[in-house]
Amino acid sequence: MKKIVFILLAVILISVGMMAGCSEQDNVVRIGTKNYTEQYLTGQMLSVIIEDKTDYETEVIEFGGTMLCFEALKSDEIELYAEFTGTAYGAILEQTEILGQNETYDYVKKAFEDKYGITWLDELGWNNTYILSVTAETADELGVSTVTELVPYADDMIMGCDNEFIGRTDGLPGLKEAYGINFKQELPMDQGLTYAALRDGKIDVNVSFSTDGRIAKFDLVNLEDDKNFFPPYYVAPIMKQDYAEANPAVVDALRLLKGKFTEEDMQHYNLMVDEGGDVRDVATQALKDKGLIE
Amino acid sequence: MIEYISGNWEQILSRAGEHVYLAFTAVGLACLVGIPVGLLINRNKRIANAVMGVANILQTVPSLAMFALLIPLVGIRDKNAIVALFLYALLPIIKNTYIGINNVEPSVIEAAKGMGMSRMQILYMVQTPLAVPVIMGGVRIATVTGIGIATIATLIGAGGLGTLIYQGIGMMNYPMMLSGAIVAALLALLIDFILELLEKKMTSRGIAIK
């Protein structure tokens, strides 16, 4: 008797659990994000504008990196996410020849439409590129302001970066080849931790995201990519072409964001979040500041 | 810290809900599969060893690796997480079911045979009730471990309390990080306590240790 009760309980638990989890409504736009501050913020910005301007509801889902987001979009586990032209160009399509902002955008848009049936909507406005940073003290001491100038000192330096940079074509392997640079040690870690690690001297150089607010806050100095190794990384929402055609309201809402935000804007808002602000509140504030919502 | 929790209790609750959904579905399925398997392999020692060997190997795969290995097979998000957690829950449940059944005193089984019970009747009416404490012990271990491993599921888009921990780390937001961690631990304690009560209820009075 007790065993029957137990089995019944288990079945009920499972059914309830599965019903709770399998709620795939039609008018829900699932927005993917990568796992760092700016992506959390961008995801919420897309979510807020869609919910404000259309009847759709949204769900923001975090993934552990670029390729996971991309896989999720390809397999329709999400409807859209914000991708960088440079990331698509250098990491996904593995191209190395550096093009300008518009050429990169046109290239990835055509390639993605042809290969994956995924289209690129309008760029949101800012370029968030990888950039090498050192502390102000290091920059003064060694008198360096470009990556080439860092090369002779790099052999004694510990470098910190995110888990993707280590293997991407537009990341460490390409960087090493382009500049002939080598580090004493390479430490991949959660991207958000690299800034404090650099400030506190746990690492000597890090791979920053250029729009991170902590570069200014922690008094870090960016080294110029003088050999122009990194492609332009302009961000735009990407989604399946079929989905875009079937859901013009979503596309129109996202179009409102075209060119609205600059690097300085994003540094400002990213910092607000990194200093403890709620991501959705900051996203809402950002849209209000640009007059996009009331 | 308190301000963070009071200000964000909806989000924390929602994440806890996702977390419970992942862990419970997985452990529930593991019970549905594991307990019957544990009962059935009782007959043949060699099969029993083979089955527990497989479950053992699954146990040794590090959780992050398990999620990764499952991606080509089941994709990502909650499906992936539930399958992974299910695989981890199998060993404690199968093993404890097997041990529990096996450890029933031979004299009791003799008595049952003497009363004319068939093999199946002995299994369901004598051995299983006596094995309940041990089986429940396995379920408790599986559930608590499952709640712990589910914190990593956020990386493959399955949500849960790990999202608070992980986002907290990335934004160096200690209240957020800790609220995720502490709630996960509290959840494990709470579930363990509830399961302990359930175990006591299900153990027939005759064998309850006073």
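Please read all numbers here as calculations on a predicted model, not as lab measurements.

Brief notes about the overall build of chain B
The helix and strand tally for chain B stands at eight helices and zero strands. Taken over the C-alpha atoms alone, chain B extends approximately 70 × 40 × 20 Å along its principal axes. Scored against the burial criterion, the 210 residues of chain B give a buried share of 44%. Sequence separation of at least 24 residues holds for 76% of the intrachain contacts in chain B that already meet a minimum separation of 6.

What to know about the packing of helix α1 (residues 2–40) of chain B against helix α8 (residues 174–202) of chain B
All names here are of chain B. Contact geometry of α1 with α8 gives a least axis separation of 10 Å together with a crossing angle of 50°. With respect to α8, the axis of α1 lies oblique. Considering how the two elements wind past one another, α1 and α8 form a crossing that is right-handed. Residues Y4, I5, I12, A16 and H19 of α1 form the contact with α8, whose own contacting residues are P175, M176, S179, V183, A184 and L187. Its residues assigned to classes, the contact of α1 with α8 comprises nine nonpolar, two polar and no charged.

A closer look at the packing of helix α6 (residues 119–149) of chain B against α8(B)
Residue and element names in this part refer to chain B. Between α6 and α8, whose axes approach to 9 Å, the crossing angle comes to 165°. For the element pair α6 / α8, the angle class is roughly antiparallel. The handedness of the crossing between α6 and α8 is right-handed. Facing α6, whose interface residues are V132, P133, M136, V139, R140, T143, V144, I147 and G148, α8 presents A184, L187, A188, I191, D192, L195, L198, E199 and M202. For the contact of α6 with α8, the class distribution of residues is 13 nonpolar, two polar and three charged.

Some words on the interface of chain A and chain B
Contact with chain A, which involves 31 residues of that partner, is made by 27 residues of chain B. Only α1 (2–21), α2 (37–53), β2 (57–62), α3 (66–74), α9 (191–199) and α13 (263–274) of chain A provide two or more residues apiece to the side of chain A that touches chain B. The element best represented in the side of chain A that touches chain B is α1(A), accounting for ten residues. For the side of chain A that touches chain B, a count of residues per class yields 15 nonpolar, nine polar and seven charged.

Examining the domain arrangement of chain A
A common measure of how large an interface is: the accessible area buried when the components associate. Residue and element names in this part refer to chain A. If you check the domain split of chain A, you get domain 1 (31–127 + 232–289) and domain 2 (130–223). The straight-line distance from the C-alpha centre of domain 1 to that of domain 2 is 25 Å. On the domain 2 side, the residues contacting the 18 residues of domain 1 number 16 residues. Counting only elements with at least two residues in the side of domain 1 that touches domain 2, the list comes to α2, α4 (85–92) and α13. Tallying contributions element by element places α13 first for the side of domain 1 that touches domain 2, with seven residues. For the side of domain 1 that touches domain 2, a count of residues per class yields five nonpolar, nine polar and four charged.

Quick look at the sheet that holds strand β6 (residues 158–161) of chain A
All names here are of chain A. Strand order in this open sheet of five strands is β7-β6-β8-β5-β9, and the pairing throughout is mixed. In this open sheet, the two edge strands, each paired with only one partner strand, are β7 (185–188) and β9 (220–223). Taken pair by pair, the neighbouring strands of this sheet meet at an average axis angle of 35°, ignoring direction. Here four bridges tie strand β5 (residues 130–135) to β9, and the two strands are oriented antiparallel to one another. Bridge assignment links L132 to a residue of β9, and that residue is L223.

What about the nonpolar core?
Judged by nonpolar contacts, the single largest core of 113 residues is most densely connected at L22(B), A26(B), A30(B), A81(B), L85(B) and A89(B). Looking at which element gives the most residues to this core, the answer is α1(B), with 14 residues. Residue contacts for L85(B): discarding those within four places in its chain leaves L22(B), A23(B), A26(B), G146(B), I149(B) and A150(B). Core analysis: the second largest hydrophobic core is formed by 25 residues, M159(A), L175(A), Y195(A) and L223(A) among them.

So, the sheet that holds strand β4 (residues 118–120) of chain A
Note: strands within a sheet are paired through backbone hydrogen bonds, in either parallel or antiparallel orientation. All names here are of chain A. Taken in spatial order, the five strands make up an open sheet running β2-β1-β3-β10-β4, and their pairing is mixed. Unpaired on one side and paired on the other, β2 and β4 mark the two borders of the sheet. Across the sheet, the mean angle separating the axes of adjacent strands is 30° when strand polarity is ignored. In this structure, β4 lies alongside strand β10 (residues 235–240), joined through three bridges in antiparallel fashion. By the bridge assignment, T119 is partnered in β10 with M239. Sitting on the sheet, α2 touches β1 (28–33), β2, β3 (80–84) and β10, and the angle it makes with β1 is about 165°. Sheet contacts for α4: β3 and β10; angle to β3, the most-contacted strand, approximately 75°.

A closer look at the confidence of the model for chain B
Residue and element names in this part refer to chain B. Per-residue pLDDT for chain B averages 89, and the proportion of residues at 70 or more is 97%. For chain B, the element scoring lowest by mean pLDDT is helix α5 (residues 106–114), at 89; helix α4 (residues 77–102) scores highest, at 92. For this predicted complex, the interface confidence comes out at an ipTM of 0.73, alongside a pTM of 0.82.

Here we look at α8(B)
Look at α8(B): 42 Å from first C-alpha to last across 29 residues, which is about the 42 Å you get at 1.5 Å a residue. Packed against the buried residues of α8(B) are α1, α6 and α7 (162–170) of chain B.

Rules of the game
- Residues numbered from 1 in each chain as written.
- Chains lettered and ligands numbered in written order.
- Predicted model: local features only at pLDDT ≥ 70, side-chain atom pairs only at ≥ 80, totals over all residues.
- Helix = DSSP H or I, 4+ residues; strand = E, 2+ residues; numbered from the N terminus.
- Buried ≥ 20, exposed ≤ 12 C-beta atoms within 10 Å, placed from the backbone.
- Contact = placed C-beta atoms within 7 Å.
- Axes fitted to C-alpha atoms, helices over the stretch in contact; angles between N-to-C directions.
- Parallel < 35°, antiparallel > 145°, perpendicular 65-115°, else oblique.
- Left-handed = near helix turned anticlockwise from the far one by under 90°.
- Nonpolar A, V, L, I, M, F, W, Y, C, P; charged D, E, K, R; others polar.
- Domains from an automatic or database assignment.
- Pairing = 2+ DSSP bridges.
- Core = buried A, V, L, I, M, F, W, Y, C linked by C-beta atoms within 7 Å.
- pLDDT = per-residue confidence, 0-100.
- Expected span 1.5 Å × (residues − 1).

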